[in-house]
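# Report on the structure
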Amino acid sequence: MKEPIFYKILKGPLTLCFKAIYKPTTIGKENIPESGRIILAGNHTNYFDCLLVAAATKRCVHYLAKDELVKGPLGFVFKRLGIIPVNRRTKDPAAIKAANQTLLEEKLIGIFPEGTINRTDDVIMPFKFGAVKMAWETNTKIVPFAITGKYKPFKKSVKITFFEPIEAEENLENTNAKLMKIVSDKIVEERK
């Protein structure tokens, strides 16, 4: 599967605009491999998070995203951005199968394991098991990330930190707990 042309066309201008307006701080982007299969997984704070993650790497990020995006009025656009639609109303084996195939083609997957934007008072919401399940099934490492701060135009107020890759173990609960701890510890640290 070739990388989506539409993604390549839009990425440059969108990244430039995004960085000019939100001036994000990016830490640890050297932890994202320049090639090969990898999963980027972290917390979800805002609709702009996809742009923030994508701006940190030259690679195409294939996001797992709610299937409503490909069915709505902008569905034509989203279908051509390389997203992998997920039916969040039920367990969706087709989405995991498509994501696994993308990884086996040595591509990069982006996922927000909370499943939606965290609008609660909790540091993070419980992570769903999709990221660690894909990692285990495809022998892919996960690069955890933590998004902290707020998106404030023309202020350096939002930050993303990428951590060293972790490996999934057969006990998916342990791996998921480890992933959640890395992300939540950073968020708590930044709030102090």
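As a starting point, this report considers the structure included with it. (Residues numbered from 1 in each chain as written. Predicted model: local features only at pLDDT ≥ 70, side-chain atom pairs only at ≥ 80, totals over all residues. Heavy atoms only, no water.)

## Describing the overall build of the protein chain
Scanning the protein chain for helices and strands turns up seven helices and seven strands. For the protein chain, the N- to C-terminal ordering of α and β elements is α-β-β-α-β-α-α-β-α-β-α-β-β-α. Each principal axis of the C-alpha atoms in the protein chain carries an extent, and together these give about 40 × 40 × 35 Å. Counting over 192 residues, the protein chain shows a buried share of 46%. Taking the intrachain contacts of the protein chain between residues at least 6 apart in sequence as the baseline, contacts between residues at least 24 apart amount to 70%. Accessible surface for the protein chain amounts to roughly 10,600 Å². Of this, 58% is attributable to carbon and sulfur atoms. Positive and negative side-chain charges of the protein chain, numbering 32 and 21 respectively, have mean locations separated by a distance of 8 Å. (Helix = DSSP H or I, 4+ residues; strand = E, 2+ residues; numbered from the N terminus. Buried < 20%, exposed > 50% of the residue type's maximum accessible area, 1.4 Å probe, protein only. Contact = heavy atoms within 4.5 Å. Areas by Shrake-Rupley, 256 points an atom, 1.4 Å probe, with all protein chains shown as cover. Lys, Arg positive; Asp, Glu negative; His and termini not counted. Charge placed at Lys NZ, Arg CZ, Asp CG, Glu CD.)

## Re the side chain of Ser-184
Secondary-structure assignment places Ser-184 in helix α7 (residues 172-191). With relative accessibility at 16%, the residue Ser-184 sits in the buried group. Sequence-distant contacts of Ser-184, that is, excluding residues within four places in its chain, are made with Val-123 and Ile-124.

## Things to note about the pairing of strand β6 (residues 142-149)
Burial analysis of β6 places seven of its eight residues in the buried class, which makes it a mostly covered element. Relative to β6, strand β2 (residues 38-42) runs parallel, the two being bridged by four bridges. Among the inter-strand pairings, Leu-40 is bridged to a residue of β6, identified as Val-143. One ladder, built from five bridges, connects β6 with strand β7 (residues 158-162); its direction is antiparallel. Counted as the bridge partner of Ala-146 is Thr-161 from β7. (Pairing = 2+ DSSP bridges.)

## Overview of the pattern of salt bridges
Evaluation of the coordinates by the stated rule reveals eight salt bridges. Glu-137 is the salt-bridge partner of Lys-133, the closest N and O atoms lying 2.5 Å from each other. Placement of both Lys-133 and Glu-137 in helix α6 (residues 130-138) is noted, with a separation of four residues, approximately one turn of the helix. According to the relative accessible area criterion, Glu-137 is partly exposed, its value standing at 42%. Between Lys-186 and Glu-190 there is a salt bridge, with the nearest N and O atoms lying 3.1 Å from each other. Of the two residues, Lys-186 and Glu-190 both sit in helix α7, four residues apart, roughly one turn of that helix. What makes Lys-186 buried here is its relative accessible area of 14%. Through salt bridges with shared partners, one network takes in Lys-159, Lys-186, Glu-189 and Glu-190. (Salt bridge = Lys/Arg side-chain N within 4 Å of Asp/Glu carboxyl O.)

## Side note on the sheet that holds strand β4 (residues 84-86)
Strand order in the open sheet formed by seven strands is β1-β7-β6-β2-β5-β3-β4, with mixed pairing between adjacent strands. In this open sheet, the two strands that pair with only one neighbour each are β1 (25-27) and β4. Strand-to-strand twist of the sheet, defined as the mean angle between neighbouring strand axes without regard to direction, takes the value 20°. As paired elements, β1 and β7 share three bridges and run parallel to each other. Directly across from Thr-26, in β7, lies its bridge partner Ile-160. Strands in contact with helix α5 (residues 93-104) are β2, β3 (61-66), β4 and β5 (108-111); relative to β4, the strand with the most contacts, it is inclined by about 155°. (Axes fitted to C-alpha atoms, helices over the stretch in contact; angles between N-to-C directions.)

## Thoughts on the nonpolar core
Membership of the largest hydrophobic core comes to 27 residues, with the highest contact counts inside it found for Leu-40, Phe-145 and Phe-162. Elements supplying a minimum of two residues to this core: α1 (5-22), β2, α2 (49-55), β3, β6 and β7. With residues up to four places along the chain from it excluded, the contact list for Leu-40 reads Ile-32, Val-53, Leu-108, Ile-109, Gly-110, Ile-111, Val-143, Phe-145 and Phe-162. Counting residues in hydrophobic clusters, the runner-up holds 24 residues, among them Ala-99, Phe-127, Val-132 and Ala-168. (Core = buried A, V, L, I, M, F, W, Y, C linked by side-chain atoms within 4.5 Å.)

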